[in-house]
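Each chain, written out:
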Amino acid sequence: MEQISHLLYLRELDGVQEHWERETVRLEPPQRQPVFAQDEQHLRWSHLIRLTPQRMYTSMTDEVFPWLRRHTFAGVG
């Protein structure tokens with residue numbers, strides 16, 4: 001159950017990132033910081049769903065879950 005909550009949260013964060021990307025086109029400078037840094041783009045939901053199941057599992061356990069534990073997103077949304 002906890003992993004499903006993390007997946008839903010990751011999907012929501014990807015949506016916030018997409019909004020930020022659209023905002024940067026309209027506004028200079030952007031009003032907020034991006035959720036995912038340039039070197040973290042591979043952790044986004046939209047990127048993970050394109051992986052094979054084995055690669056997705058490895059990415060989730062080795063990279064995504066630790067990344068989620070390290071970050072606090074106060075005021076995201």
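Please refer to the structure placed before this passage.
Since the structure is predicted, the reported quantities are computational estimates derived from the model, not experimental observations. (Residues numbered from 1 in each chain as written. Predicted model: local features only at pLDDT ≥ 70, side-chain atom pairs only at ≥ 80, totals over all residues. Heavy atoms only, no water.)

Colleague: Give a detailed account of the overall build of the protein, specifying residues and quantitative values.
Modeller: Regarding its fold elements, the protein presents three helices and zero strands. Ordered by position in the sequence, the α and β elements of the protein form the string α-α-α. Considering the protein as a whole, with its 77 residues, one finds that 30% of them fall into the buried category. For the protein, long-range pairs separated by at least 24 residues make up 50% of all intrachain contacts whose partners lie at least 6 apart in sequence. For the protein, the exposed surface amounts to about 5,600 Å²; the carbon and sulfur share of it is 54%. (Helix = DSSP H or I, 4+ residues; strand = E, 2+ residues; numbered from the N terminus. Buried < 20%, exposed > 50% of the residue type's maximum accessible area, 1.4 Å probe, protein only. Contact = heavy atoms within 4.5 Å. Areas by Shrake-Rupley, 256 points an atom, 1.4 Å probe, with all protein chains shown as cover.)

Colleague: Explain the environment of Q17 to me, and be specific about the residues and the numbers.
Modeller: Position of Q17 relative to the elements: it lies in helix α1 (residues 2–26). By relative accessible area, which is 2% here, Q17 ends up buried. Note: C-alpha distance between Q17 and R44 (27 residues apart in sequence) is 8.8 Å. In contact with Q17, not counting residues within four places along its chain, are P34, V35, F36, Q41 and R44. Among the polar contacts listed, one links the side chain of Q17 to the backbone nitrogen of F36, at a separation of 2.9 Å. (Polar contact = N/O pair within 3.5 Å; in protein donor to acceptor, adjacent residues only side chain to side chain.)

Colleague: Now, about the pattern of salt bridges: what can you tell me, with residues and values included?
Modeller: As enumerated under the stated definition, the model contains three salt bridges in all. The shortest N-O distance in the salt bridge between E21 and R44 comes to 2.7 Å. Residue E21 is found in helix α1, and its partner R44 is found in the loop between α1 and α2 (45–48); the two are separated by 23 residues along the sequence. Taking the relative accessible area as the measure of exposure, E21 reaches 30% and is therefore partly exposed. The salt bridge partner of E63 is R55, with a shortest N-O separation of 4.0 Å. Judged by its relative accessible area of 41%, R55 is partly exposed. A network of salt bridges, in which partner residues are shared, links D14, E21 and R44. (Salt bridge = Lys/Arg side-chain N within 4 Å of Asp/Glu carboxyl O.)

Colleague: Now, about helix α3 (residues 53–70): what can you tell me, with residues and values included?
Modeller: Between the first and last C-alpha of α3 there are 24 Å, a value that for 18 residues agrees with the 26 Å anticipated at 1.5 Å per step. At M60, α3 shows its maximal kink, close to 45°. For α3, the set of buried residues is S59, M60, V64, F65, P66, W67 and L68. (Expected span 1.5 Å × (residues − 1). Bend = angle between axes of the 7 residues up to and from the residue.)

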